[in-house]
Amino acid sequence: MSKVRVLVGTKKGAFILSADGKRDKWDVSGPFFAGWEIYHLKGSPVDPNRLYASQSTSWSGQVIQRSDDGGITWAAVGNKFAYDGVPGTHQWYDGTPHPWEFKRVWHLETSLSEPDTVYAGVEDAALFKSTDGGATWNELAGLRGHGSGPHWQPGAGGMCLHTVILDPSNAGRIYVAISAAGAFRTDDAGKSWKPINKGLVSSFMPDPTAEVGHCVHHVAMHKERPGVLFMQKHWDVMRSDNAGDSWHEVSGNLPTDFGFVIDVHAHEPETLYVVPIKSDSEHFVPDGKLRVYRSRTGGNEWEALTKGLPQKDCYVNVYRDAMAVDSLDECGIYFGTSGGQVYASSDAGDSWTAIVRDLPTVLSIEVQTLA
Amino acid sequence: MSAEGEAVPEVRVVLPQHLRALAGIGAANEVTLEVAAPVTVRRVLDALEARYPTLGGTIREYGTGQRRAFMRFFACEEDWSHESMDAELPAVVAEGKEPLLIIGAIAGG
């Protein structure tokens, strides 16, 4: 029988939630790395027992942990993230030049074919790659060096590269997203990159349609339709049908188009999920109601999913990497909140239950569907 | 023992709990390290990281080798955080009579 393993990164450690394919009884293990911020955990699709975790604190910096047994035991691997050459400057919040400084790993993306190959999206924004199971890391410097880096600036969470998407149909194609620079694509495995932000409009910028500077919060892709991308921008939900060459807005009837997460149903490439957030200053759900919105039409037409979710006095946020889907026949959807709840739906979002309610603030959610 | 066969006093180092856990040191409150004279913060950290490689980058930055901003060093009730890492520590630290304290700054969270 299939199993599901939910990897939860929180502000004070990691947790692993496990269930069989019915997804009605959950085992909770952890905290792992108690007291440390775990920005992200990710398992290899080739070897599901190979897990990587990003562990950090402001005190002691970055550590990368690796497990070869599905999270039962862990060992620290390499944590030396050195930018290629002299990294130069990016814009500070006030527009002045600010030195590029490594702070932490936001996102780990495992190779689709090699368990020892893993990518790390970091703050200050850059993309690193390891081909030896995390022992050593090298920057794919073409991204930062493609020319627009001096114009990138931090979002409220820092200048982070938070999204890495590997195209399963094209080994050379990688998408990344940076707050606040925008989305970028390489077609030659990271040697050269181009901004893919045409169609994005950001009113906080002097030129709202500039090539870079957009605060992209998250991007999602269905693995069987890799040319179609969905984006939750700071404001606006966007769609691209040409691998990011251009975007158009699909916010439609959402109550607010500000938010962080966006994801795609495992079997229905036109079914999307977002969690609208009231505004960029309030950072909690509107009207005290936690509502996931689903579109079955690839955007524009959205329905609120509320069954099992709190519909009064709720003021949580859902961070950009804190939603994921499983690939069981009846697609499961999972998300974690700033209040420490992890909600799961085993019926594509029609109804929800809390797997756990009282974890530390949830920073990230990943799901592994195990045979 | 030194290369000349002389006994080298062991320097005592107290680490914060989160670094003891990371290094797998266990419940021991402090570790002891052989550090050749002159005993300095840099030499103590070199010995510490050689013994526990997972502590690399957690107390001082890779690249610059500078103390991380939220880590501090104390010895004999004095703050050594802003001294040169090559300054010689007090003899009682070199002799293992007093520990070098590596402490996470109190910064909330």
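**A look at the overall build of chain B**
Reasoning step 1: Summing up its helical and strand segments, chain B has three helices and five strands in all.
Reasoning step 2: Along chain B, helices (α) and strands (β) appear in the sequence β-α-β-α-β-β-α-β when read from the amino end.
Reasoning step 3: Taking 109 residues into account, the globule formula puts the C-alpha radius of gyration at 13 Å, and chain B, at 13 Å, falls close to it.
Reasoning step 4: Dimensions of chain B, computed from the C-alpha atoms along their principal axes, are close to 45 × 30 × 30 Å.
Reasoning step 5: Looking at the 109 residues of chain B, the share that counts as buried comes to 28%.
Reasoning step 6: Within chain B, residue pairs in contact and separated by at least 24 positions form 57% of the contacts whose partners lie at least 6 positions apart.

**Looking at the interface of chain A and chain B**
Reasoning step 1: With 13 residues of chain A in contact, the opposing surface of chain B contributes 13 residues.
Reasoning step 2: No other element matches the three residues that strand 6 (residues 61–67) of chain A contributes to the side of chain A that touches chain B.
Reasoning step 3: Split by residue class, the side of chain A that touches chain B holds five nonpolar, seven polar and one charged.

**Describing the nonpolar core**
Reasoning step 1: Core analysis: the largest hydrophobic core is formed by 134 residues, its most contacted members being Val 8, Val 176, Tyr 334, Val 342 and Ile 365 of chain A together with Val 44 of chain B.
Reasoning step 2: The residues contacting Val 342 of chain A, other than those within four sequence positions of it, are Val 6, Val 8, Leu 17, Tyr 334, Gly 336, Ala 354, Ile 355, Val 356, Leu 359, Val 362 and Ile 365 of chain A.

**Observations concerning the sheet that holds strand 26 (residues 323–325) of chain A**
Residues and elements named next belong to chain A.
Reasoning step 1: Spatially, four strands are ordered 26-27-28-29 in an open sheet, and the strand pairing comes out antiparallel. Looking at which strands have only one partner, the edges of the open sheet turn out to be strand 26 and strand 29 (353–356). Recorded for the sheet is a direction-independent mean angle of 25° between the axes of neighbouring strands.
Reasoning step 2: Sheet topology places strand 27 (residues 333–336) next to strand 28 (residues 342–345); four bridges connect them, and they run antiparallel. Along strand 28, the bridge assignment pairs Gly 336 with Val 342.

**Let's talk about the sheet that holds strand 2 (residues 13–20) of chain A**
All names here are of chain A.
Reasoning step 1: Ordered in space as 3-2-1-30, the four strands form an open sheet in which the pairing is antiparallel. The two strands at the open ends of the sheet, each matched to only one other strand, are strand 3 (27–32) and strand 30 (362–370). When strand polarity is set aside, the average angle formed by the axes of neighbouring strands in this sheet is 15°.
Reasoning step 2: Pairing geometry for strand 2 and strand 3, over four bridges, is antiparallel. The residue of strand 3 that forms the bridge with Ala 14 is Phe 32.

**Some details on the environment of Ser 345 of chain A**
Residues and elements named next belong to chain A.
Reasoning step 1: Within the secondary structure, Ser 345 sits in strand 28.
Reasoning step 2: Assessed through the 25 C-beta atoms surrounding it within 10 Å, Ser 345 is described here as buried.
Reasoning step 3: Between the C-alpha atoms of Ser 345 and Met 231, which are 114 residues apart in sequence, the distance is 22 Å.
Reasoning step 4: Leave out the neighbours within four places in its chain, and Ser 345 touches Gly 332, Ile 333, Asp 350, Ser 351 and Trp 352.

**What to know about the environment of Gly 43 of chain A**
All names here are of chain A.
Reasoning step 1: Turning to its location among the elements, Gly 43 is positioned in strand 4 (residues 37–43).
Reasoning step 2: On the basis of neighbour count, Gly 43 is assigned to the buried category, with 23 C-beta atoms found within 10 Å.
Reasoning step 3: Residues Gly 43 and Ala 53, spaced ten residues apart in sequence, show a C-alpha to C-alpha distance of 8.9 Å.
Reasoning step 4: When residues no more than four places from it in sequence are discounted, the contact partners of Gly 43 are Leu 7, Pro 48, Arg 50, Leu 51, Thr 110, Glu 366 and Gln 368.

**Section: the pairing of strand 15 (residues 174–179) of chain A**
Residues and elements named next belong to chain A.
Reasoning step 1: Most of strand 15 is tucked away: six of the six residues are buried.
Reasoning step 2: Across the two faces of strand 15 the burial is the same, with Ile 174, Val 176 and Ile 178 and Tyr 175, Ala 177 and Ser 179 all buried.
Reasoning step 3: As judged from the six bridges shared by strand 14 (residues 160–166) and strand 15, these two strands associate in the antiparallel manner. Counterpart to Cys 160 in the pairing with strand 15 is Ser 179.
Reasoning step 4: Bridge count for strand 15 against strand 16 (residues 182–186) is five bridges, and the pairing is antiparallel. Pairing of Val 176 across the sheet is with Phe 184, part of strand 16.

What counts as what
- Residues numbered from 1 in each chain as written.
- Chains lettered and ligands numbered in written order.
- Predicted model: local features only at pLDDT ≥ 70, side-chain atom pairs only at ≥ 80, totals over all residues.
- Helix = DSSP H or I, 4+ residues; strand = E, 2+ residues; numbered from the N terminus.
- Rg over C-alpha atoms; globule rule 2.2 N^0.38 Å.
- Buried ≥ 20, exposed ≤ 12 C-beta atoms within 10 Å, placed from the backbone.
- Contact = placed C-beta atoms within 7 Å.
- Nonpolar A, V, L, I, M, F, W, Y, C, P; charged D, E, K, R; others polar.
- Core = buried A, V, L, I, M, F, W, Y, C linked by C-beta atoms within 7 Å.
- Pairing = 2+ DSSP bridges.
- Axes fitted to C-alpha atoms, helices over the stretch in contact; angles between N-to-C directions.

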